[in-house]
Amino acid sequence: MKTVREALPYAFDFDPVRTALVVIDMQNDFCSAGGFGEKLGNDITPTRAIIPVIQKLLQVARDAGILIVHTREGHLPDLSDCPPAKLERSKRMGAGIGDEGPMGRILIRGEQGHAIVAELAPLEDEAIIDKPGKGAFYKTELEHLLERNGIESLVLCGVTTHVCVHTTLREANDRGYRCLVLEDATAAFDQSDHQAAIHMVRQQGGIFGWTSGAESLIAVIE
Ligand code: TIU
């Protein structure tokens, strides 16, 4: 067992063999110029800023043999897996899912915008979960993958803290996983959304789990 002593609201104990690092939606659509996030009117500086932190986490997790799972939000080219309500809202914001953009069709599987940023490219043997929703469990094989690997704890990083990270956190929490959210390896376009989301994880004695800085975790697994 390892312990992240600085975690909040109290120390986080985890067994690296039973822990997965889940890297959520670090895609061009959320982290690169011309992507979905920017087209929705957001500043992508915060989502780009965490790329080097996640690079370091990936390197350390790979060296330690920790299971790594990457996720991508996106839809089939015919949009058959995109709820009409989601499509309608994106169109209202001027960034319609499936519309042509500078990096291909917005949020469509196989397009450049949908790809994970080059700096965080998954290795060939690493799992990639393609999800149509904000949560990584909904209509995906994630639960199966985690069960098959005997996973009990999840370390969550990626974007955006209050949307896809939180939805995944909440889904994981209800399934009994112990979750650590890394404060400086998650980001939202607005700092206030990020801070509120981080606060919500650890309020009420850790209602959804734990938070810590990435270095506190790295120090115990390196
Ligand atoms: N990955 C993810 O968080 N999807 C979003 O749409 N996030 C926004 O903040 N819009």
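Since the structure is predicted, the reported quantities are computational estimates derived from the model, not experimental observations.

Right, let's talk about the sheet that holds strand 10 (residues 210–212) for a bit. Read across the sheet, six strands follow the order 7-4-3-8-9-10 without closing on themselves; strand pairing throughout is parallel. Strands with a single pairing partner mark the edges of an open sheet, and in this sheet they are strand 7 (127–131) and strand 10. Shown here is a sheet whose adjacent strand axes are inclined to one another by a mean of 25 degrees, direction ignored. Both strand 8 (residues 153–159) and strand 9 (residues 178–187) contribute to a ladder of six bridges, which runs parallel. Across the sheet, the residue bridging to leucine 154 is cysteine 179, located in strand 9. The sheet contacts of helix 4 (residues 51–64) involve strand 3 (19–24), strand 4 (67–73), strand 8 and strand 9, and relative to strand 9 the element is tilted by about 140 degrees. Lying on the sheet, helix 7 (residues 161–174) is in contact with strand 3, strand 4, strand 8 and strand 9; it crosses strand 9 at an angle near 170 degrees.

According to UniProt, the "domain: Isochorismatase-like" (unreviewed entry) feature falls on residues 19–207. Strand forms 21% of residues 19–207 and helix 39%; the C-alpha atoms that close the span are 20 Å apart.

With respect to the element layout, valine 117 can be found in the loop between strand 6 (104–105) and strand 7. Separated by 89 residues in the primary sequence, valine 117 and asparagine 28 place their C-alpha atoms 5.5 Å from one another. Setting aside its immediate chain neighbours within four residues, valine 117 contacts Met26, Gln27, Asn28, Cys31, Ser32 and Ile51.

Looking now at the site of the ligand. Near the ligand you find Asp25, Phe30, Glu73, Lys134, Val159, Thr160, Val163 and Cys164, and these make up its full shell. Per-class residue counts for the shell around the ligand are four nonpolar, one polar and three charged.

Relative to each other, helix 7 and helix 8 (residues 191–206) sit at 20 degrees, their axes nearing to 9 Å. Classified by the angle between their axes, helix 7 and helix 8 sit roughly parallel to one another. Crossing hand, helix 7 versus helix 8: right-handed. Listed contacts from helix 8 to Thr161, His162, His166 and Leu169 of helix 7 are Asp193, His194, Ala196, Ala197, Ile198 and Val201.

Conventions used here
Residues numbered from 1 in each chain as written. Predicted model: local features only at pLDDT ≥ 70, side-chain atom pairs only at ≥ 80, totals over all residues. Pairing = 2+ DSSP bridges. Helix = DSSP H or I, 4+ residues; strand = E, 2+ residues; numbered from the N terminus. Axes fitted to C-alpha atoms, helices over the stretch in contact; angles between N-to-C directions. Contact = placed C-beta atoms within 7 Å. UniProt positions renumbered as here; feature names shortened; annotations may be inferred. Near = placed C-beta within 6 Å. Nonpolar A, V, L, I, M, F, W, Y, C, P; charged D, E, K, R; others polar. Parallel < 35°, antiparallel > 145°, perpendicular 65-115°, else oblique. Left-handed = near helix turned anticlockwise from the far one by under 90°.

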